[in-house]
Amino acid sequence: MEKKTLSKNKTVVLWNLARLVVYMLAILLTPFLAKPIAILFDPVVSDWWQRGDLRVFYTGLATAFLWLGEIIGLFFLDRHLQKKFNVQIDPAKPHAARRKAGAASKQTEQAEQPAQTEQEQEAAATVENTAENAEKATPVKSAPQKPKTQLLGWDRIIAIFLICVACVLIVSAQIGFEVKVFYELGERVVLIDVVNFSGTAGRDIAKCGWIVLLIKASFGLFEGIFEEAKINAKAKKVFVYLCVTALILAFGAYDVLSTQNPFAWTYLLFYVAFVALYALLNRAPIKSYLLILFIYFF
């Protein structure tokens with residue numbers, strides 16, 4: 001019987017679907033695992049606090065560290081599995097693709113060259129030694145060639161700036177143009193409130209990493225689904241963005257409901273902005289994470 005192999009497009013779809021499932025399971029189940037871990041730290045008290053007063057802090061901190069470990073572990077597991085099964089799921093970076101193409105062409109040239117005789121090899125070795133000695137005598141410094149990176153156009157930069165400013169102004173208008181951190185802490189804040197808030201902030205910092213990973217996997221999934229659709233390229237892009245936005249909005253609805261966010265509708269709009277920022281930044285994960293983190297806290 002012939003062994004059936006999946007096409008590259010189906011492999012990309014299934015791979016990103018598996019990513020989404022694993023990511024969602026980690027996001028949903030990790031907080032339940034963090035609660036019993038936080039209870040273990042209840043005996044850690046001081047003269048200012050009683051047993052269990054820092055439960056919120058330890059729960060948020062445990063969730064943040066578990067999520068961070070899961071993100072790092074899944075990243076290396078994903079790379080290992082891609083190498084093991086010899087698949088390329090994410091599009092290769094331009095400079096990496098050029099290096100691979102150059103290495104492949106060099107191997108092809110070496111394979112095509114005929115075998116040299118001993119006399120030819122000795123003559124070639126003599127020429128190489130002479131060239132090396134000449135280079136040592138007159139060294140020539142050449143500037144290292146850096147890989148070219150695709151810069152953002154002014155239209156994208158302006159769009160990114162306007163989205164960030166709009167998100168910050170919308171929340172600021174709702175809280176009377178106060179600093180969002182101080183507003184969430186309240187007026188009569190005591191030390192225990194600051195400590196517990198820091199644990200929640202640590203959890204949200206890690207959660208922004210999951211948001212970027214969810215957006216990335218969603219684009220890979222829906223682009224693979226619509227790859228073979230018999231529609232024009234512009235329609236494909238529109239359907240991909242709509243599907244990605246709908247999926248991220250579903251996660252956003254869970255997020256604002258589970259955390260009882262007082263600005264639920266505003267943060268749902270933020271999740272739409274997160275998808276737009278990721279696309280405008282040429283899907284750069286680190287830059288997207290930093291901007292999402294900025295909007296989430298300010």
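Considerations on unusual backbone geometry
Here is step 1 of the chain: Positive phi is not limited to glycine here, since asparagine 282 has a value of about 55°.
Here is step 2 of the chain: Of note, asparagine 282 is situated in the loop between helix H9 (264–280) and helix H10 (285–297).
Here is step 3 of the chain: Residues other than glycine seldom take positive phi values, yet arginine 283 does so here, at roughly 60°.
Here is step 4 of the chain: Among the structural elements, arginine 283 can be located in the loop between H9 and H10.
Here is step 5 of the chain: By relative accessible area, arginine 283 is classed as partly exposed at 30%.

So, the nonpolar core
Here is step 1 of the chain: Core analysis: the biggest nonpolar cluster contains 47 residues, and Ile211, Ile215, Phe274 and Tyr296 have the highest contact counts within it.
Here is step 2 of the chain: Elements supplying a minimum of two residues to this core: helix H1 (8–39), helix H2 (55–84), helix H5 (154–174), helix H7 (191–225), helix H8 (233–258), H9 and H10.
Here is step 3 of the chain: In terms of residue count, the dominant contributor to this core is H7 (12 residues).
Here is step 4 of the chain: Sequence-distant contacts of isoleucine 215, that is, excluding residues within four places in its chain, are made with Val244, Ile248, Phe274, Val275 and Tyr278.
Here is step 5 of the chain: In this structure, Ala38, Leu54, Ile192 and Val195 belong to the second largest nonpolar core, which totals six residues.

A short note on a nonpolar patch on the surface
Here is step 1 of the chain: A contiguous nonpolar patch, built from Leu6, Leu14, Leu17, Val21, Leu25, Leu28, Leu29, Phe32 and Tyr254 and spanning about 840 Å² of accessible area, is present on the exposed surface.
Here is step 2 of the chain: Take the nonpolar patch: its biggest share by element is seven residues, from H1.
Here is step 3 of the chain: Here phenylalanine 32 falls in the exposed class, since its relative accessible area comes to 58%.

Details of H1
Here is step 1 of the chain: The end-to-end C-alpha distance of H1, which contains 32 residues, comes to 47 Å, matching closely the 46 Å that a straight helix rising 1.5 Å per residue would cover.
Here is step 2 of the chain: Within H1, the axis deviates most sharply at leucine 29, by approximately 30°, and proline proline 31 lies no more than four positions further along.

Notes on the packing of H1 against H7
Here is step 1 of the chain: Between H1 and H7, whose axes approach to 8 Å, the crossing angle comes to 150°. Judged by the angle between their axes, H1 and H7 are roughly antiparallel. Like other packed secondary-structure pairs, H1 and H7 cross with a definite hand, here left-handed. Contacts between H1 and H7 involve Asn9, Val12, Val13, Asn16, Leu17, Arg19, Leu20, Tyr23, Met24, Ala26 and Ile27 from the first element and Trp210, Leu213, Leu214, Lys216, Ala217, Ser218, Gly220, Leu221, Gly224 and Ile225 from the second.
Here is step 2 of the chain: Here the residues of the contact of H1 with H7 are counted per class, giving 14 nonpolar, five polar and two charged.

Calculation criteria
- Residues numbered from 1 in each chain as written.
- Predicted model: local features only at pLDDT ≥ 70, side-chain atom pairs only at ≥ 80, totals over all residues.
- Heavy atoms only, no water.
- Helix = DSSP H or I, 4+ residues; strand = E, 2+ residues; numbered from the N terminus.
- Buried < 20%, exposed > 50% of the residue type's maximum accessible area, 1.4 Å probe, protein only.
- Core = buried A, V, L, I, M, F, W, Y, C linked by side-chain atoms within 4.5 Å.
- Contact = heavy atoms within 4.5 Å.
- Patch = residues over 30% accessible without salt bridge, like charges linked within 9 Å, V, L, I, M, F, W, Y side chains within 5 Å.
- Areas by Shrake-Rupley, 256 points an atom, 1.4 Å probe, with all protein chains shown as cover.
- Salt bridge = Lys/Arg side-chain N within 4 Å of Asp/Glu carboxyl O.
- Expected span 1.5 Å × (residues − 1).
- Bend = angle between axes of the 7 residues up to and from the residue.
- Axes fitted to C-alpha atoms, helices over the stretch in contact; angles between N-to-C directions.
- Parallel < 35°, antiparallel > 145°, perpendicular 65-115°, else oblique.
- Left-handed = near helix turned anticlockwise from the far one by under 90°.
- Nonpolar A, V, L, I, M, F, W, Y, C, P; charged D, E, K, R; others polar.

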